Structures are given as structure tokens and as C-alpha cells.
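Residue-level listing of the chains:
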There are 2 protein chains.
Amino acid sequence: MSLNQVDRQILALLQQDASLSTAEIADKVGLSQSPCWRRIAKLEQDGYIKGKVALLDEKQLGFDMLVYAHVKLSNHGRNNLSEFEKLIMSYDEVTECYTMAGTMDFMLRIISRGIEGYEQFVRDNLLNLEYVQEVHSNVTMTCVKRTTALPI
Amino acid sequence: MSLNQVDRQILALLQQDASLSTAEIADKVGLSQSPCWRRIAKLEQDGYIKGKVALLDEKQLGFDMLVYAHVKLSNHGRNNLSEFEKLIMSYDEVTECYTMAGTMDFMLRIISRGIEGYEQFVRDNLLNLEYVQEVHSNVTMTCVKRTTALPI
DNA sequence: AGTGAAACACACACCGT
DNA sequence: ACGGTGTGTGTTTCACT
């Protein structure tokens with residue numbers, strides 16, 4: 001983590017808006033284009049920037065249902081851990097999945113179209129696995145905040 | 001939602017990698033540059049694309065602690081709802097915040113550097129509010145999956 | 001709605017400091 | 001390491017089909 005102030009500024013700008021041109025960033029951080037471009041290239045090369053993505057509007061695309069589900073596996077299900085994780089990764093509706101400290105649970109962030117979409121997903125992709133013991137759904141109501149930006 | 005197959009393909013590509021050039025996308029969806037560019041411009045204009053952002057590497061920047069915290073407000077705290085939400089939005093460590101169905105709780109996704117960073121954040125920014133009754137922390141261990149892409 | 005070309009801006013490399 | 005300048009490549013517009 002040998003990042004100076006300028007590098008942090010650049011990262012802060014790019015994680016808010018990756019469509020900024022090198023010239024615009026250079027201007028904002030008080031550099032000229034060439035050195036600014038070199039810094040950005042190095043930040044990418046060193047792995048600080050994992051990638052650039054477009055963020056889509058969930059609501060407008062019909063995804064009005066966001067649920068955090070806790071999934072508990074049965075005892076003998078622990079032999080199927082890596083199989084379960086591979087499955088999870090293949091489900092597009094699961095946008096995030098973590099194992100939690102203290103329990104043997106998985107927490108899944110699941111996005112779907114309506115309650116019907118969610119129920120169907122859980123039935124077809126989670127409850128149908130014999131080693132899934134329990135699924136507890138935490139349904140979100142309103143989104144107060146959501147950002148991909150880190151507090152740098 | 002009057003999106004045809006090509007538009008969906010374009011969105012799917014862009015939400016995976018926003019650094020693709022118009023020509024590359026045009027190639028992949030079987031269009032030439034101009035009409036492809038027009039479609040992308042329209043998708044942005046119509047609000048399907050909320051923005052383009054750079055995703056940074058949490059670990060490399062020292063953010064090794066990811067916690068989902070449930071925050072319960074006291075009864076009279078409900079008069080301070082909007083004040084609380086404004087505060088939440090101003091905290092960079094809180095990357096997401098939702099209200100949950102069934103309870104009066106807020107769920108916060110908090111990213112920080114180490115357990116110390118987390119504890120300090122909770123003490124200084126949540127527990128110091130008189131109307132915050134309870135904070136229950138769910139600490140994540142390993143990340144099985146994380147994506148910003150929607151299942152289109 | 002798709003094609004082709006032209007104007008423009010930007011990304012990237014090579015210079016000097 | 002920063003700054004200036006140039007060249008190719010991508011973006012954006014326009015005229016045509």
C-alpha cells in the first residue's frame with residue numbers, strides 16, 4: 001500500500017465515475033495528462049483497479065425484490081461445501097455470497113423479479129438440494145444507500 | 001421495459017466490462033459501430049445504465065473487514081428517521097443500507113480496516129446516537145461470490 | 001434501422017526537463 | 001517523476017440506403 005495522496009484522489013474519482021477522461025482527472029488532481037495517464041496505468045497494473053463496469057438500474061429492469069437469505073447446510077452437507085459454492089457462483093440471481101463468522105451459514109444476496117421470482121428461485125435452486133437444511137429470508141424494503149465506492 | 005434481445009446483450013456485456021469499445025460490442029452482438037453506438041447512447045439516456053465505475057481491490061487497499069450490522073432504533077428514535085438516514089448516507093464506511101420488512105431495523109453493510117476500524121466506527125458513529133438502541137454485527141469470513149451484474 | 005465516411009477527442013508513446 | 005507534442009485508435013456525427 002505505497003499510495004500517495006494523488007493516487008488516492010485518482011482512485012476516488014474513478015470509483016465514482018469511470019467515464020472520466022484522463023484529461024479531466026489530470027485537471028482535477030492538478031497534473032498534466034501524461035503523468036496522470038501513467039499513474040492510472042500503474043494503478044491498474046498493480047491491481048488496485050479490478051475493472052470497470054456499467055451499473056444498471058435494477059428497478060427499471062424489473063428487479064424489485066432484494067433479499068438477504070441465510071442458508072444453513074445439514075451436517076453431512078459439509079462434505080459438499082465446494083459443490084455448493086460452485087453452484088452458488090453459477091446462479092446469476094445470487095449477486096453476493098459470504099460465509100459468516102460464528103455460524104456455518106452462508107449469506108446470499110439474491111435479486112429477483114417480484115416475490116414469485118424469489119420463491120421460485122429458492123425452491124428450484126436451494127430447497128431442492130438435499131443438504132440445504134434451512135433458508136431464512138430477510139426481505140429488504142427500501143434502499144437507503146448503495147455504492148460500490150470504498151472509503152479511501 | 002421495451003428492450004429487445006440485442007439491447008439486453010449490450011447491457012450484459014457492459015455490466016461485465018465497461019471498458020469495451022463500441023466496436024468490440026458491435027462485433028459481439030453482430031452490429032456495426034454506428035447503430036451499436038446509438039443503442040448504447042439511448043440505453044444511457046433512458047436510464048438503464050446508471051453510470052460507469054471502477055471497482056477497486058478491497059484487500060489491496062487494506063479493507064479486510066466486512067460486516068453486516070443490524071441497527072435497531074428506540075421508539076422515540078422514529079422521529080429521527082430522516083436524520084438517521086442522512087447520517088448513514090454521509091458515512092463512507094457504510095456502502096449499503098436497507099430497511100427490512102417485518103422489523104423496524106436497518107441493515108448496514110460496513111467495510112473497514114481490521115476489527116479496530118470496525119469497532120471505532122460503530123462506537124463513534126452509531127452507538128453515540130442516543131436513539132440507536134441496539135447494534136448486532138454479522139461478521140463475514142470469506143467471500144464466495146461478489147458481482148454488480150444483474151441477471152438479465 | 002443499418003452502412004460508410006469524416007471530424008473530433010482521447011489514449012498512449014516518445015521526446016525533453 | 002512531471003510536462004509537451006505527436007500519432008494512431010476509438011468516439012461521435014452526418015449523409016445516404
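As a starting point, this report considers the structure included with it. Just so we're clear, the structure is a prediction, and the values are computed from it rather than from any experiment.

1. Topic: the protein's contact with DNA strand C
In the vicinity of DNA strand C, the residues found are S21(A), T22(A), S34(A), W37(A), R38(A), S32(B), S34(B), P35(B), R38(B) and R39(B). When the atoms of DNA strand C within 4 Å of the protein are grouped by moiety, sugar and phosphate amount to 59% of the total. At 2.4 Å from a phosphate oxygen of DNA strand C is found a side-chain nitrogen or oxygen belonging to S32(B). Note that a base nitrogen of DNA strand C is positioned 2.9 Å from one of the side-chain N or O atoms of R38(B). Looking at the surface near DNA strand C, the elements that each hand over two or more residues are α3 (33-45) of chain A together with α3 (33-45) of chain B. Ranked by the residues each element gives to the surface near DNA strand C, the list is headed by α3(B), at four residues.

2. Description of the environment of A54(A)
In this structure, A54(A) sits in strand β1 (residues 49-56). Through-space distance from the C-alpha of A54(A) to that of L66(A) is 19 Å; in sequence the pair is 12 residues apart. Look past the residues within four positions of A54(A) in its chain and what remains in contact with it is L14(B), Q15(B), A18(B), I49(B), G51(B) and K52(B).

Here is what the cut-offs are and how they apply
Residues numbered from 1 in each chain as written. Chains lettered and ligands numbered in written order. Predicted model: local features only at pLDDT ≥ 70, side-chain atom pairs only at ≥ 80, totals over all residues. Heavy atoms only, no water. Near = heavy atom within 4 Å. Polar contact = N/O pair within 3.5 Å; in protein donor to acceptor, adjacent residues only side chain to side chain. Helix = DSSP H or I, 4+ residues; strand = E, 2+ residues; numbered from the N terminus. Contact = heavy atoms within 4.5 Å.

Don't take any of this as a statement about function, it's just geometry.
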